[in-house]
Amino acid sequence: MFKKKILITGGAGFIGSHVIRHFVKKYSNYEIYNLDILTYAGNLENLKDIEDYPNYNLLLEDITNEDRIQDLFTEYEFDGVIHLAAESHVDRSIKNPLAFAKTNILGTLNLLNSFKNRWSDNWKDKRFYHISTDEVYGTLGETGLFTEETPYSPNSPYSASKASSDHFVRSYGETYGMPFVISNCSNNYGPNHFPEKLIPLFINNIIENKDLPVYGDGNYTRDWLYVKDHARAIDKIFHEGENMKTYNIGGFNEWKNIDLVKLLCRLMDNKLGRSKGESEKLITFVKDRPGHDLRYAIDATKIKEELGWEPSVSFEEGLSLTIDWYLENEEWLINVTSGEYKNYYQDFYSNR
Ligand code: NAD
Ligand code: TYD
């Protein structure tokens, strides 16, 4: 039987675990390799339901390890790479930019190089797919949308490291003829999201009756996409996207942080049987994030017109599904919020 060997990096993380599940279940004729070093954000519990599938394989490796990554390409001859492994949290990048340069820039470069070393004599049917973020475009004012032509203007160490990795991917296309695609997606939300990002952090804090720390005046705007819709878009782009091209992915779903938090509070009051307005009392305005981008919003027309993809889950529906998942997976939440998380939370939020 025809078999493709696909390397998916960062598959134990938030988005990666949804992408792994999507591919493992849908493509039984592919051999899927999840390469992940399991940082604080990587969690094999995210993949419990598919870990016994015959086409799923786990490689506990670090993308920055030159010898090991090259050896793996020689041993397994991956036809395609879908690269998600990264340090992904803006606040952590402000504290520790070097870790972001190492993983996001050098790690990506190391994968590119190993892929090139293995296939540059014949690129036929090979593809390197790099997963990136809309944050590389910097910030918007009150109007306008990011398109694929918007110039890069990253403002945080996280977005600068992702922008740099995008440029390296493109350069391998231009210099070595490597077939690549890149997608830049807006903010994701959904099950398995590590509770240091806005939505899962606030769900967890509402459950625990803890303050909801809104940065600045809360008038920052993000475009939110349900994670399973992102996984569907990744499938489309991996299989049907044009080589050497970029696709923007977004939810056509802009929310000011403060409005989103109030909606979340209302939904949670309902689900937890609390009286109306109870969770909103937890909202606390705290010191702003330095270099905080005012607004992100994606024009996802190209992927819609060229590949026929558009979001399928509305925000209210997606948020409701997400809250239900956290309420039903209390043990997951307890496990990930013990240990390192406690130190991070204490250190980060205690002085704001
Ligand atoms: P995440 O932080 O939840 O997961 C990252 C995964 O990468 C973890 O499993 C971690 O163990 C793994 N990893 C980190 N360093 C590694 C290394 N050196 N070697 C091997 N594995 C390593 O991240 P996420 O939110 O799922 O994001 C995944 C990708 O999507 C990232 O590239 C991110 O930039 C991009 N992205 C995320 C969002 C979002 O809203 N979360 C939006 C657009 C794009
Ligand atoms: P986040 O989930 O960290 O994603 P990103 O910075 O990649 O967009 O943050 C989303 C928005 O929520 C962003 O404007 C920062 C804000 N925010 C808070 O107000 N309080 C918080 O505790 C966190 C984590 C984020």
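See the structure printed just above.
Residues numbered from 1 in each chain as written. Chains lettered and ligands numbered in written order. Predicted model: local features only at pLDDT ≥ 70, side-chain atom pairs only at ≥ 80, totals over all residues. Heavy atoms only, no water.

Caption draft 1: How the structure looks around helix α12 (residues 340-349). Of the positions making up α12, those classed as buried are Y341, Y344, Y345, F348 and Y349. The buried residues of α12 occupy one face: seen down the axis, they fall within an arc of 95°. Exposed and facing more than 90 degrees away from the buried side of α12 are K342, N343 and Q346. Looking at the buried residues of α12, the elements they touch are α3 (90-95), α6 (198-207), β8 (212-215) and α11 (330-336). (Buried < 20%, exposed > 50% of the residue type's maximum accessible area, 1.4 Å probe, protein only. Helix = DSSP H or I, 4+ residues; strand = E, 2+ residues; numbered from the N terminus. Arc of directions from axis to C-beta. Contact = heavy atoms within 4.5 Å.)

Caption draft 2: A look at the sheet that holds strand β7 (residues 187-189). In space, the three strands of this open sheet follow the order β7-β9-β11, with mixed pairing throughout. Unpaired on one side and paired on the other, β7 and β11 (254-256) mark the two borders of the sheet. Within this sheet the neighbouring strands show an average axis-to-axis angle of 50°, counted without direction. By the bridge criterion, three bridges tie strand β9 (residues 221-226) to β11 in an arrangement that is antiparallel. Of the residues in β11, the one forming a bridge with D223 is E254. (Pairing = 2+ DSSP bridges. Axes fitted to C-alpha atoms, helices over the stretch in contact; angles between N-to-C directions.)

Caption draft 3: Inspection of the sheet that holds strand β6 (residues 180-185) at higher detail. The seven strands lie next to each other as β3-β2-β1-β4-β5-β6-β10, forming an open sheet whose pairing is parallel. Two strands lie at the open edges of the sheet, namely β3 (56-59) and β10 (245-249), each paired on one side alone. Across the sheet, the axes of successive neighbouring strands diverge by a mean angle of 20°, strand direction being ignored. Here strand β4 (residues 80-83) pairs with strand β5 (residues 127-133) via four bridges, running parallel. Residue pairing for β5: H83 is matched across the bridge by H130. Those strands touched by helix α2 (residues 66-76) are β1 (4-9), β2 (30-35), β3 and β4, and its axis lies near 170° from that of β2. Helix α5 (residues 157-176) rests against β5, β6 and β10 of the sheet, and its axis sits at about 155° to β5.

Caption draft 4: Structural view of the side chain of K302. Mapped onto the elements of the fold, K302 is located in helix α9 (residues 301-307). There is a polar contact of 2.7 Å between the side chain of K302 and the backbone oxygen of T246. Excluding residues that lie within four positions of it along the chain, K302 makes contacts with E148, K245, T246, Y247 and L307. (Polar contact = N/O pair within 3.5 Å; in protein donor to acceptor, adjacent residues only side chain to side chain.)

Caption draft 5: A look at the packing of aromatic side chains. Considering all chains together, one arrives at 27 aromatic pairs under this definition. Seen from their ring centres, Y137 and F146 are 5.0 Å apart, and the 35° between their planes marks the pair as tilted. No difference in accessibility class separates Y137 from F146, as the two residues are buried. Pairwise contacts between aromatic rings join Y33, F73, Y76, F78, F115, W123 and F128 into one cluster. Seen from the ring of Y40, R92 lies directly overhead, with NZ or CZ sitting 3.6 Å from the centre. Its guanidinium or amino end placed over the ring of Y345, K210 lies 4.5 Å from that ring's centre, counting from NZ or CZ. (Phe/Tyr/Trp six-rings, centres within 6.5 Å; stacked < 30°, edge-to-face > 60°. Lys NZ or Arg CZ within 6 Å of the ring centre and 35° of its normal.)

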